[in-house]
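# An overview of the molecular structure
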Amino acid sequence: MKYGIQLVGVGGQGVLLASTVLGSAAVAEGMDAAMSEVHGMAQRGGSVQCTVRIGQGVLSPLLAQGEAHVLLGFEPAETCRNLAFANKETFVITNTVPVVPVTVSSGLEKYPPVADIIDDIKASGVNKLIAIDAVSMAREAGNAIAANSVLIGAMSAVPGFPLAKEKMLNTLLERVPAKAKEVNEKAFEMGYQAALSVLSPP
């Protein structure tokens, strides 16, 4: 089986780290992996997209519209903007904390209320939405910058996700500084548990 993940966000949020963790964990599990170029990283705050496909015999990193098994959004508006990659069976995971673009902070545009963005995502036909405040969880773990680890943890909780939770966590910890390992491990676990609570409410 070939499994496709579309990662979207803005520059500086850690989309590249998450993509690298996915690809490296897949290879370590004996799978093939293909990753598209990360677009937008040179412009901090600019839109970023990256596609990762894993599985036996994967050659191309490209996904057609509606082909993603997981849409992982680091920023709510970017998640909404990239819903074309999702279908009704896609797990859509989004951070609910916006990154306000310069055009908004300068008064040229308005950023819609996050609640409206979430409503739009639901109205698009998405049936499997996991919307979490990754920044608050990362801050609770010790550092807001670990929000990407929260989202990686949440992705690891998705039913049918082909990579083991332990492999994802270990691969993540191999790629963060030694002094940040504890914070990132806590952030990962918090994201994992938050996603489980959405997927299997008490």
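Anyway, here's the lowdown on the structure attached to this text. The numbers attached to residues start from 1 for each chain and follow its sequence in the written order. Per-residue local features of the predicted model are confined to residues with pLDDT of at least 70, and side-chain atom pairs are confined, for both listing and counting, to 80 or more; whole-chain, interface and lining totals are unaffected and use all residues. Heavy atoms from the whole structure form the basis of all side-chain values; hydrogens and water molecules are not counted.

## Describing the overall build of the protein chain
Regarding its fold elements, the protein chain presents 8 helices and 6 strands. Along the protein chain, from the amino end to the carboxyl end, the secondary structure elements read β-α-β-β-β-α-β-α-α-β-α-α-α-α. Here the globule rule is a power law, 2.2 Å times the number of residues to the power 0.38, and the radius of gyration is based on C-alpha atoms. Taking 202 residues into account, the globule formula puts the C-alpha radius of gyration at 17 Å, and the protein chain, at 16 Å, falls close to it. In terms of overall dimensions, the protein chain has a C-alpha envelope of 50 × 40 × 40 Å along the principal axes. Throughout this description, buried means an accessible area under 20% of the type-specific maximum (1.4 Å probe, protein chains only), exposed means over 50%, and partly exposed covers the range between. Expressed as a percentage of the 202 residues in the protein chain, the buried residues total 48%. By sequence separation, contacts in the protein chain at least 24 residues apart represent 64% of the contacts at least 6 residues apart. Computed by Shrake-Rupley with a 1.4 Å probe, the accessible areas treat only the displayed protein chains as cover when residues are assessed. As displayed, the protein chain offers around 9,500 Å² of accessible surface, 54% of which is attributable to carbon and sulfur atoms. Positive charges come from Lys and Arg, negative ones from Asp and Glu, while His and the chain ends are left out of the count. The atom standing in for a charge is NZ when the residue is Lys, CZ when it is Arg, CG when it is Asp and CD when it is Glu. Distance between charge centres in the protein chain, computed from 15 positive and 18 negative side chains, equals 2 Å. Runs of E in the DSSP output that reach at least two residues are strands. Runs of H or I that reach at least four are helices, and both are numbered from the N terminus. Throughout, a contact is declared for two residues whenever any of their heavy atoms are within 4.5 Å.

## So, the sheet that holds strand β3 (residues 47-55)
By definition, the strands of a sheet pair up through backbone hydrogen bonds, in either a parallel or an antiparallel sense. Criterion used throughout: strands pair if DSSP finds at least two bridges between them. Spatially, β2-β3-β1-β4-β5-β6 is the arrangement adopted by the 6 strands of the open sheet, whose pairing is mixed. The open sheet terminates on both sides in strands that have one partner only, identified here as β2 (32-35) and β6 (128-132). For this sheet, the mean inter-axis angle between neighbouring strands, taken without regard to orientation, is 15°. As judged from the 4 bridges shared by strand β4 (residues 70-73) and strand β5 (residues 91-95), these two strands associate in the parallel manner. Along β5, the bridge assignment pairs glycine 73 with threonine 94. Running over the sheet, helix α8 (residues 181-199) touches β5 and β6 and is turned about 135° from β6. Every axis in this analysis is a line fitted to C-alpha atoms, fitted for helices over the stretch in contact. Angles between the N-to-C directions lie between 0 and 180 degrees.

## Some details on the packing of helix α5 (residues 134-141) against α8
Where α5 meets α8, the axes come as close as 8 Å, and the angle between the chain directions of the two elements is 140°. One element, α5, and the other, α8, form an angle in the oblique class. Considering how the two elements wind past one another, α5 and α8 form a crossing that is right-handed. Of the residues in α8, those in contact with Met137, Glu140 and Ala141 of α5 are Val183, Lys186, Ala187, Met190, Gly191 and Ala194. Per-class residue counts for the contact of α5 with α8 are 6 nonpolar, 1 polar and 2 charged. For this classification, under 35 degrees means roughly parallel, over 145 means roughly antiparallel, 65 to 115 means roughly perpendicular, and everything else is oblique. When the near helix sits turned anticlockwise from the far one by under a right angle, the crossing is termed left-handed; a clockwise turn instead gives a right-handed crossing. All residues other than Ala, Val, Leu, Ile, Met, Phe, Trp, Tyr, Cys, Pro, Asp, Glu, Lys and Arg, Gly among them, are scored as polar; the first ten of these are nonpolar and the last four charged.

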